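Report on the structure
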Amino acid sequence: MDLTPLNYFGGNFLVNKESPASPASAYLTDPDLHKNAFVMDGHIHMMSRQLLQGLDMGQRYPDGHVDLPRAVQGGLDAFFFSVYTPEPYYETRQEVKNTFRVVELALAQIEKNSKVIELACTASEIEEINRRGKMAAFLDLEGGFDLDGDLNLLRALYRLGLRSLQLTAHNETNGFIDSCYGKKLWGGLNEHGRSVVREMNRLGIVINVAHASDDAIIQAAETSHDPIIYSHGGFRGIVNNPRCISDECAKAIAAKGGVIGIQFGSSFNNPKYAQWVASKPKVKAIETSSPKETKLLSIKEIDLQVAIDLPFVHKEVIPDEYWMGVDQLARVIDYGIRLVGEDHVALGSDFDGGPPLPRQIRDVSDYPQMTLAMQELGYSDDRIRKILGLNWLRVIRQVTERN
């Protein structure tokens, strides 16, 4: 395929000379492609608002990015239904309690809204749920299920329907794997971390290495006999951020048959925005003559602390010159395809996880904008269908249905 150079930092671009496209010619492809395609997102935050604000995901909210009515409007057929255990729960070792209560609440909310959504544990179940005209929830955990990596707790979560799990404790290093931002204690994965990976393989749980260190990603790919995923992030070749995946790690995931999900935020995908943020003056911490006592909070106190920031959306106003459009996300997608191929790139929005979204996307109801952006790149319908969801479905099938 004849490809022209691409300006990933803004400006005009043309990708496939065999299928040149412009906004006017994009609709010469299937104008109903988004409606007819299988659309699956690799990372959407759920249950934090339902747990801490008492909301029902079946109701349309006036704020935030996600609820079921808006997901239906956005044309989603399935998504990694990501429940979240953030860092404040770790200090007093409340991560296990929080994980199990958000998983239980997820199951209750899915059951309550069963006319619209059902739990799926395999690719075949996702397809069957879609045939009945409903969305499929593929249960995923972001944050530590247990900082020690207790395999019995992992097995219990599997019994509850969890089929995807992030290895790190969000941005923190835990007892078995180094994170991208935390202390590097293990040189990647320690031996117990390899045991966790092997047990996830045995059970049929998708291994998610988002937020992991470079060494940990490479070692997880080497240890796993199944494909692994990087559910949401950007490429370090676009924005030099430790949370963005390096080219080497992306190639290791692709070589294993895995998939890299593109997050929708400027922080990981827009160099202009990243440079603007980096240029802003840093607020210095006030020094005190004596160290403060750290109060260990109860889980109720932690809940109140976490709830202050709900919904988890970007609240800062972005000047126009630093606010990207979906065309910049399309450039990032194309960078990934040139790097690892069209079978290994997908979408992982991180809705309700705080990303500064592109100007055309207010929330999940605007998902068709991503399809339009890829059509305007000149991509074939088959390629777009892979990125919209078929790549996720393939990995889920390989992990959950190999027997």
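Residues numbered from 1 in each chain as written. Predicted model: local features only at pLDDT ≥ 70, side-chain atom pairs only at ≥ 80, totals over all residues. Heavy atoms only, no water.

Per an unreviewed UniProt entry, the protein chain goes by Membrane dipeptidase and derives from Daejeonella rubra.

**Observations regarding the packing of helix α4 (residues 95–112) against helix α6 (residues 151–159)**
Between α4 and α6, whose axes approach to 11 Å, the crossing angle comes to 10°. Between α4 and α6, the angle falls in the class roughly parallel. Residues Val96, Thr99, Phe100 and Val103 of α4 lie in contact with α6, whose contacting residues are Leu153, Ala156 and Leu157. Classifying every residue of the contact of α4 with α6 gives six nonpolar, one polar and no charged. (Axes fitted to C-alpha atoms, helices over the stretch in contact; angles between N-to-C directions. Helix = DSSP H or I, 4+ residues; strand = E, 2+ residues; numbered from the N terminus. Parallel < 35°, antiparallel > 145°, perpendicular 65-115°, else oblique. Contact = heavy atoms within 4.5 Å. Nonpolar A, V, L, I, M, F, W, Y, C, P; charged D, E, K, R; others polar.)

**Comments concerning the pairing of strand β4 (residues 135–142)**
Burial runs high along β4: eight of the eight residues are buried. Side-chain alternation along β4 places Met135, Ala137, Leu139 and Leu141 on one buried face and Ala136, Phe138, Asp140 and Glu142 on a second face that is also buried. Bridge count between strand β2 (residues 78–84) and β4: seven bridges; the pairing is parallel. Pairing of Tyr84 across the sheet is with Glu142, part of β4. Alignment of strand β3 (residues 117–120) against β4, held across four bridges, turns out to be parallel. In the strand pairing of β4, Leu119 is matched with Ala137. Of the strand pairs in this sheet, β4 and strand β5 (residues 164–166) are connected by two bridges, and their pairing is parallel. Paired with Asp140 across the bridge in β5 is Ser164. With respect to chirality, the unit in which β4 leads through α6 into the neighbouring parallel β5 is right-handed. (Buried < 20%, exposed > 50% of the residue type's maximum accessible area, 1.4 Å probe, protein only. Pairing = 2+ DSSP bridges. Right-handed = clockwise from strand over helix to strand, strands pointing away.)

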